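Architecture and fold: a report
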Amino acid sequence: MRIDAYMQVSQLYKTNKTKRDMKSETKDGRDSLEISDFGSAYQVAKQAAEQGGPVRADRIKEIQAQMAAGTYNVSIEDVADKLADQLLA
């Protein structure tokens, strides 16, 4: 391998100089943090869950047992009514 040819190529493409990433620097030189849309939606959901009412463990166990047995049924009309109420409220 010829080193002098490598030096000419590197000078041509300027590979030996480092480039500064201007996106990562702010005007005042401070670091910044951006939260994704998913992250902010997760935080909102987490806060809503924390502010919710008490969990009824007995009801949860009852529904889980019905689901395991295959006897838990919800009418599609009830689901549609609840969705419509939440969306239109």
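The notes below deal with the structure included here. (Residues numbered from 1 in each chain as written. Predicted model: local features only at pLDDT ≥ 70, side-chain atom pairs only at ≥ 80, totals over all residues. Heavy atoms only, no water.)

**A look at the overall build of the chain**
When helices and strands are tallied, the chain shows four helices and zero strands. Tracing the chain from N to C terminus, the helices and strands come up as α-α-α-α. Accessible area of the chain: about 9,300 Å², with a carbon and sulfur share of 55%. (Helix = DSSP H or I, 4+ residues; strand = E, 2+ residues; numbered from the N terminus. Areas by Shrake-Rupley, 256 points an atom, 1.4 Å probe, with all protein chains shown as cover.)

**Some points on the pattern of salt bridges**
A full pass over the atoms with the stated rule returns one salt bridge. A salt bridge links Glu 62 to Arg 59; the nearest nitrogen and oxygen atoms lie 3.1 Å apart. Linking Glu 62 with Arg 59, this pair stays in helix H3 (residues 57-69), spanning three residues, or about one helical turn. A relative accessible area of 33% means that Arg 59 is categorised as partly exposed. (Salt bridge = Lys/Arg side-chain N within 4 Å of Asp/Glu carboxyl O. Buried < 20%, exposed > 50% of the residue type's maximum accessible area, 1.4 Å probe, protein only.)

**Considerations on a negative patch on the surface**
On the surface, a cluster of negative charge is contributed by Glu 77, Asp 78, Asp 81 and Asp 85. Mapped onto the fold, Asp 85 is located in helix H4 (residues 76-88). Note on Asp 85: relative accessible area 54%, which makes it exposed. (Patch = residues over 30% accessible without salt bridge, like charges linked within 9 Å, V, L, I, M, F, W, Y side chains within 5 Å. Lys, Arg positive; Asp, Glu negative; His and termini not counted. Charge placed at Lys NZ, Arg CZ, Asp CG, Glu CD.)

**A word on H3**
Between the first and last C-alpha of H3 there are 18 Å, a value that for 13 residues agrees with the 18 Å anticipated at 1.5 Å per step. Looking one or two places after H3, you find Gly 70, whose phi comes out positive at around 85°. (Expected span 1.5 Å × (residues − 1).)

**With respect to a nonpolar patch on the surface**
Taken together, the side chains of Met 67, Tyr 72, Val 74, Ile 76, Val 79, Leu 83, Leu 87 and Leu 88 make up a nonpolar region of the molecular surface, amounting to roughly 860 Å² of accessible area. Among the elements that take part in the nonpolar patch, H4 stands out by supplying five residues, more than any other. With respect to the element layout, Tyr 72 can be found in the loop between H3 and H4.

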